[in-house]
Every structure is written in C-alpha cells, then in structure tokens.
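Tertiary structure, described
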Amino acid sequence: MIKLSKTDIIQALKEVKSSGNKENIIDAGYLKNLQIFGDQVDIDLRFPNPSLQARKKMEVDILKIIHQKVYEKAKINIKTEVVRPPSSPNPKIRGKAIEGVDSIIAISSGKGGVGKSTVAANIAVTLAKMGLQVGLLDADIYGPSIPTMFDLERERPLSVRVRGKEKMEPIENYGVKVLSIGFFTKPGQAIIWRGPMASKALNQLIFDAAWGNLDFLIVDLPPGTGDIHLSIVQAIPLSGAVVVSTPQHIALSDARKGIAMFQQENISVPVLGIIENMSYFSPTDLPDKKYYIFGMGGAQKLAEDKRVPFLGEVPLIQSIREASDFGRPAALQDGGTIVDSYVKITQNMVHQLLKRNKDLPPTKVVEITTMTGCSAIK
C-alpha cells in the first residue's frame, strides 16, 4: 500500500494559483487543513474569491497536480470555504488631499446669522499674523460674504499654469489667500443652483486652485447641515471642525445638530471645539459692564454636554461689525479686547488640533509651535 507524504502534497499544491492572485494557494494561506488516510487526501481551503467558477477551476487544478506529481490514483476530497471581508454598514467618507496643504479646518454653524463667517475671517487673519501660511475657502455657495470682509468684492482670480495645467490663483489680502464663488458673480446676483451644481462649483474652487503651500486652509461652511457639508467631507480630508453659536437657545439647538453631523460614524470629523459669538454686550461708556443679551454661557454648557472643548467667547462689539463691512477684519487691530478674544480662540483651536494629531507622524502641523512668530501658540 502506497504511503502519501504531506510534504509532497504541499510541494505540489505550490504550483496551484487561485484566480486573481499571483501567489500560490500555500503561500497565500488558503490551505486550512490537510489530512491523509492511506490513499485518501482531505483538503480544507479558505479563500476570499466568492466566484463559483474560480473555485471549480482551483479544485480541478488541485486534482490534476496531485495526480500528476504525487499519486495518480489518490482519492481527493476538497472542501472550500469562502471568506468574505467584513463590510461596514456605514463606510467612512474619505477625501482627497490637497497638495501642499497641511491642515484643513471647517468653520460651521447650525444656524445662520450667528457670525460664523466673521469668526472664520478673523481666525484666518489671526493665524496669518502668527506667521503661518493661510488660505480661506468661502464654501457658503448661496451666501458668499468673505469677499466683502476682505475688501475683495471687485476682484477676479487670474489663471496661472501649474505643471502644465491651468489653475485659479487665489486672491491674497492681509496675508490670507482667498477663494469664493462671490468672485464669479455680480453684486446682488442670486445663485439659484441645485445641490449637484453647487457641489461641482465647490470642487472646482478646491481642486482647480493654485493654493501653494499652506499650513492651514480655513473653510467657511454654509449654515445648517446639507449638500455642501457632505460634499466637503467627501472631497477633502478635514483635520477638524469648529462650531460657532450664540448663547441663544435656538442657535444652540441647531449647533447641537451640527456637532452631531461631524460625529456621525461615517463622517467622523473631530470637533475641535465650540466658539460662543455675541456672548455679551459692553457699552462704550461702561466697558466693565456686561449685558448678556442672548443668554449667558449657553455655548460653554453645550460644549460640556457634548464633551467637546470650549474654545472661547467673542463679545458683541460694534467695531467687529463695522470692520467686516469695511473689509478689514477686526483681528487686524493692534490690540484690545477683540484681538485678545480671537488670539485666545485661535490658540485654543491650534492646541486642540495638535492634541488630535499627537498619535500621528510629525508633520508641519506639529512643527507650528516652533515657527517664527508663533510663540503665542506655545
């Protein structure tokens, strides 16, 4: 009676490959078990190809190679088990990186009219004053206001050639590179687009632009949670999001929804913190007096409830509104309560970003604490 050898059979099986795999079934780890009983060979296989045709072909190849190389009268039983990779019910949305851009931070709000764009503009300017390379993308397709806040209403981006491709060159002012759909519309013109068209325009602003090397790209999102927000998280890998709200109950209710959107399992964008805008009003003649017109400490309480950082508060000051209308963000001032508020908020935001990146390989994001002009962030 012939005695079959496991070694001989395994050696023969190394000549069998499965469909779509360059490795043989032994090196690929498909052989689960091999048993020999006299002239009978039992082979258990586990492999990831669910195709019936592929399985049948592999079984035929196994029969042939054992009969040819080991023993032509061997009785071979083959049992195959198809192992499918686990599928996630909520696959995470992934974005395409923008070449040269280190960190992308979205500034959002659940409700309109809470000063989100004003906050975004002043954070961008504050980062630039700290010596960082900063871009600002106005993603509020239906209500672009960044051109007004940067005194760029009549400007139009030029076309530049980058590696043989035509790109839009962002317009720079106050040390910030700016792009907005507002550069391509007439003053007072309403943008009446359906979601897909708005998303296409947004993708052009993101990827057809010559942003160059940026430490931060600040994205001013529209209020609410909708098509544009989903387009952003699908298009680019956000480093984090910041939510702006007033202390008013209605605004906080919408801000809560905005936080929930970023924390969705299939979106999973870190919420770096909440900013409370229009926290209180202090009259010019009574600078030490605070009137909590919209309520007191609401955003801070929301931050505690949602377990996200509270980045700081911005008072309701007339000069902030005047500066935005004039086209010169208030953070450009030499000092005072306004500048101090935005510096503190920006410092806290960067600290949260560094904390978020602490387990990742070192990047320029980590190095910003030692850059010239960034001692305020340390």
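Here the structure is a predicted model, which means the values were calculated and not measured.

Looking at the environment of Y342
Inspection of the secondary structure puts Y342 in helix α10 (residues 337-356). Judged by its relative accessible area of 0%, Y342 falls in the buried class. Remark: the alpha-carbon pair of Y342 and I123, spanning 219 residues in sequence, is separated by 6.5 Å. Beyond its immediate sequence surroundings of up to four residues, Y342 is in contact with T118, V119, N122, T126, V314, I320 and A331.

Side note on the pattern of salt bridges
Overall, the coordinates contain ten salt bridges when judged by the stated rule. Two residues, E81 and R46, come together in a salt bridge whose shortest N-O distance is 3.7 Å. With E81 in strand β3 (residues 75-82) and R46 in strand β2 (residues 40-47), this pair connects stretches of sequence that are 35 residues apart. R256 is the partner of D305 in a salt bridge, and the nearest nitrogen-oxygen pair spans 2.6 Å. Separated by 49 residues along the polypeptide, D305 in helix α8 (residues 298-306) and R256 in helix α7 (residues 249-262) bring together distant segments of the chain. Taking relative accessible area as the criterion, D305 reaches 47% and is therefore assigned partly exposed.

Section: a nonpolar patch on the surface
There is a patch of nonpolar side chains on the surface, built from F281, L286, Y291, I293 and F294 and spanning about 440 Å² of accessible area. With respect to the helices, strands and loops of the structure, Y291 is situated in the loop between β12 (271-281) and α8.

Looking at the packing of aromatic side chains
According to the stated counting rule, one finds two aromatic pairs in the structure shown. Between F150 and Y174, the ring centres sit 5.9 Å apart and the planes meet at 40 degrees, which makes this aromatic pair tilted. With F150 in the loop between α4 (146-149) and β6 (158-162) and Y174 in the loop between β8 (171-173) and β9 (176-180), the pair connects residues that are 24 residues apart, well separated along the chain. On the basis of relative accessibility, which here comes to 0%, the residue F150 falls in the buried class. Relative accessible area serves as the criterion here: at 23%, Y174 is assigned to the partly exposed category. One cation-aromatic arrangement involves K289 over Y291; the distance from NZ or CZ to the ring centre is 5.8 Å. Taking the ring centre of Y280 as reference, the NZ or CZ of K290 above it sits at 4.5 Å.

Topic: unusual backbone geometry
Here the phi dihedral of R163 falls at roughly 50 degrees; this positive angle occurs in a residue that is not glycine. Positionally, R163 belongs in the loop between β6 and β7 (165-169). By relative accessible area, R163 is classed as exposed at 70%.

So, the sheet that holds β2
Read from one edge to the other, the open sheet built from three strands follows the order β1-β2-β3, with strand pairing classed as mixed. Only two strands of the sheet have a single partner each, and these edge strands are β1 (31-37) and β3. Pairwise comparison of adjacent strand axes, ignoring direction, gives a mean angle of 10 degrees for this sheet. In terms of strand pairing, β2 meets β3 through eight bridges, oriented parallel. Within β3, the residue paired with F47 across the bridge is V82. Here helix α1 (residues 6-13) sits on the sheet and contacts β1 and β2; the angle it forms with β1, its principal contact strand, is near 135 degrees. On the sheet, helix α2 (residues 52-69) packs against β2 and β3 and is oriented at approximately 150 degrees with respect to β3.

Some remarks on the sheet that holds strand β5 (residues 134-138)
Taken in spatial order, the eight strands line up as β8-β9-β5-β10-β4-β11-β12-β13 in an open sheet, and their pairing is mixed. Each end of this open sheet is capped by a strand with a single partner; those strands are β8 and β13 (310-316). Between one strand axis and the next, the sheet turns through 25 degrees on average, direction left out of account. Pairing analysis gives four bridges linking strand β4 (residues 101-108) to strand β11 (residues 240-245), with the strands arranged parallel. Its bridge partner lying in β11, I105 is registered against G240. Contacting β4, β5, β9, β10 (214-220), β11 and β12, helix α3 (residues 116-129) crosses the sheet at an angle of about 170 degrees to β10. The strands touched by α8 within the sheet are β12 and β13, with β12 carrying the most contacts at an inclination of about 160 degrees.

Cut-offs used in this document
Residues numbered from 1 in each chain as written. Predicted model: local features only at pLDDT ≥ 70, side-chain atom pairs only at ≥ 80, totals over all residues. Heavy atoms only, no water. Helix = DSSP H or I, 4+ residues; strand = E, 2+ residues; numbered from the N terminus. Buried < 20%, exposed > 50% of the residue type's maximum accessible area, 1.4 Å probe, protein only. Contact = heavy atoms within 4.5 Å. Salt bridge = Lys/Arg side-chain N within 4 Å of Asp/Glu carboxyl O. Patch = residues over 30% accessible without salt bridge, like charges linked within 9 Å, V, L, I, M, F, W, Y side chains within 5 Å. Areas by Shrake-Rupley, 256 points an atom, 1.4 Å probe, with all protein chains shown as cover. Phe/Tyr/Trp six-rings, centres within 6.5 Å; stacked < 30°, edge-to-face > 60°. Lys NZ or Arg CZ within 6 Å of the ring centre and 35° of its normal. Pairing = 2+ DSSP bridges. Axes fitted to C-alpha atoms, helices over the stretch in contact; angles between N-to-C directions.

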